[in-house]
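Secondary and tertiary structure notes
Here are the chains, one letter per residue:
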Amino acid sequence: MKTDKIFERLKKILGFNKESAYVNEHLREANVRSTVYISAVLIAVEIWMLIRYTLKYVITGMCETIWVFFNYTYPYWILLSAGLFVFIYCLLFLTGRINKAKKYSNTIIMLFGLLCLYFGISTSLSDFSRGRMVTCFLTMALYVACLLIWKPYTILLMQPAIAALFIHIIKNYAFNKQGELVVMNEGDQINYITYFISLTMVAMSIYYQRYSEAKQSESLEIAAITDEETGAPNMYRFSQQAKEVLENSDVSKYIYLFFNIKNFATYSDRYGYMGGIELLKKMSGLIKEVFKDEPYARESRDHFVVLTKVEGHENRISEIRNRFLELIKGEVYLDVKAGTYRPKNAEADPRLEINNAHYAVGLIENHDEQYIKEYDEKIDKDYHLRQYVLNNIDKAVKEGYIQVYYQPVVWSTDGELCGCEALARWIDPEVGFLSPGTFIPVLEESRQIHKLDKCIYETVCRKIRECLDNNLPVFPISLNFSRLDFELMDAVGELESLVTKYNVPRDYIHVEVTESSISQDVEKLQQSMKLLHEKGYSIWLDDFGSGYSSLNVLKDYDFDLLKIDMVFLKNFSAQNKNAQMIIKSILDLAKELNMMTLSEGVETKDAVDFLQKAGCGRLQGYYYGKPMTYDEILAKIKDGSFHLSKKFI
Ligand code: C2E
Ligand code: MG
Ligand code: MG
């Protein structure tokens, strides 16, 4: 065991251990960087030498021809050219203009080193033969040491080898003019050996310094691209990798996946934070295994993203789901769902593109059976419409794109018009007609519904005032109040100030509160309703029977009228006795509770007959008229299609 450890350590010290591509790349770049400096020094030295020789040539006239001059100076020209070549190559390499994947840099630097060494040895050999010092060789050996700080074992082999080679050459080939071998004295020999040992040590210490820098920056880099909790790549990394894949291949062959673990919060509550993280790690592992070598990441919480090939992606999603369900057997509330999105081009930011797949998976959140949903054109249209609503509600209110349509309400006994319901319409110059089904849920979700409702209240109050001033027919109008109106604004106060501003009699305004929106803050709504009653408004319970708490609502709140939801009249037929019995019972119940009644969604003569007989007070539905403009209502009163009732209560 101990020897194993020592062996491992030795391997590391000598540089035999396998390093990551990142570390190798870092070391290689550091080498190239030092080569830039060394080659620059060499270029300067060679230019200086050439200037010296040129001056000597001009002053002394020692060379008869240019060829003789060249013969004297050719080593400098060769070294200058090689230096320039290496200098330019290294600069291009460092600025990314040369493909770093092609690993020529080491070979080029090595050849450059050998060339320097060759001239160093040959010059010093002739100097030594003439009794001079061998500084040229020593300088070149220093260059080589600086150029090639590669693995320690190469340094350890290279430097002694250079020293041995030089000593061997000097000992065997240094002849003086007389043809005798010049002998190197022992003191010099010792100095040279010491020089090379020091050089080796300096090169080694530079290597270790660079190695530790590489390791440090590698761990920083890993931290920057890794999700801390699961160890999966993070979105920054995903974005880089996905872009690279898309830029280098056919975009239409790829698809983004967005995985969501359904009910992860419940699991986390049950098994604690660490339990949750363990599950996420397992999910991350599954994805890594199934989508081998493809970009993936943890997006946030229990969300993971992948970029994969379109072909077979559904099978791979199924595999993830099946293996996940196998893994958490017993936790029946958990599931895995995936939204998908096909990228259109390689330029778009993957982090934004993935939002589409996220949106798609959100659409199947409550569909038990479905676990894959592709973001298609229809979804795209809805999504953009939704964004449009969110971004343009203020403008729509300001510019008058929000309009009020009025749907007639009649007495069941004589069919005379006894009021209208104000219903919002968004008529946009850019996207055209929008129905409340499109924008109301979006505005409620984004807590902006009060902006719309305030606008509707004001339009209605203004309209009533206008008609009163011009002696046009006027009738009560019911306004829809969202639950959020009571939270997001002082709904009663707002209505009151408008009613005061336009001097509208309060019995011309009815307040509709939808049953399904009531459950939340009981006291607040009760207080608001009390206030509305005190001021003299009639309060209607909208969509009765559509929610889960219908009867409770009747118990806790004091409504004046009960509006039976249109679901009860859906596909109404004289034969459907059950529906009739239910409606009849609701009407009886309302009577017992002293409430007035209204049925919405009245579409057929059969329904009218039945409701009349059953004793429903008011009727509203396409049978009498769809929501229309106030002018249309006035026109219908004028042409006799509607008879305006004399009593409204
Ligand atoms: P609601 O208050 O229950 O309004 C009745 C809805 O039923 C209206 O749809 C109306 O056009 C439709 N309707 C009326 N008679 C019939 C019929 O015979 N058959 C069928 N199939 N439908 C009929 P609309 O205008 O699309 O409004 C939908 C919902 O949007 C409304 O339901 C209401 O909850 C909400 N809404 C509309 N305008 C506003 C508003 O200004 N403020 C708020 N907060 N909600 C509004
Ligand atoms: Mg309504
Ligand atoms: Mg309704």
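To start, this report covers the structure provided alongside it. (Residues numbered from 1 in each chain as written. Chains lettered and ligands numbered in written order. Predicted model: local features only at pLDDT ≥ 70, side-chain atom pairs only at ≥ 80, totals over all residues. Heavy atoms only, no water.)

1. Description of the coordination of the magnesium ion (ligand 2)
Protein-derived coordination of the magnesium ion (ligand 2) comes from Glu421 (OE), Asn480 (OD1), Glu512 (OE) and Asp542 (OD), at a distance range of 2.1 to 2.3 Å. If you list the donors of the magnesium ion (ligand 2) from N- to C-terminus, the spacing comes out as E-x58-N-x31-E-x29-D. If you look at the magnesium ion (ligand 2) and the magnesium ion (ligand 3), they sit 3.8 Å from each other and are both ligated by aspartate 542. One end of the pair, glutamate 421, is in strand S7 (residues 417–428); the other, glutamate 512, is in strand S10 (residues 509–514), with 91 residues separating them in the sequence. Residue glutamate 421 shares its accessibility class with glutamate 512, and that shared class is buried. (Donors = N, O, S within 2.8 Å, 3.2 Å for Na, K, Ca; no water. Helix = DSSP H or I, 4+ residues; strand = E, 2+ residues; numbered from the N terminus. Buried < 20%, exposed > 50% of the residue type's maximum accessible area, 1.4 Å probe, protein only.)

2. Describing helix H20 (residues 605–614)
Of the residues making up H20, those classed as buried are Ala607, Val608, Phe610, Leu611 and Ala614. If you follow the buried residues of H20, they end up packed against helix H19 (577–592), strand S13 (596–599) and strand S14 (618–620). Taken from the residues just after H20, glycine 615 is the one with a positive phi, measuring 95 degrees. (Contact = heavy atoms within 4.5 Å.)

3. Details of the site of ligand 1
Taken together, 22 residues form the shell around ligand 1, and within it Glu421, Asp453, Met566, Glu603 and Tyr622 come nearest. Measuring from a nitrogen atom of ligand 1, one finds a side-chain N or O atom of aspartate 453 at 2.6 Å. Between tyrosine 622 and ligand 1, the recorded distance is 2.8 Å, taken from a backbone N or O atom to an oxygen atom. Relative to its unbound accessible area of 790 Å², ligand 1 is 82% covered by the protein chains. Ranked by residue count, the leading element in the shell around ligand 1 is S7, at 4 residues. Across the shell around ligand 1, the residue classes tally to 9 nonpolar, 5 polar and 8 charged. (Near = heavy atom within 4 Å. Polar contact = N/O pair within 3.5 Å; in protein donor to acceptor, adjacent residues only side chain to side chain. Areas by Shrake-Rupley, 256 points an atom, 1.4 Å probe, with all protein chains shown as cover. Nonpolar A, V, L, I, M, F, W, Y, C, P; charged D, E, K, R; others polar.)

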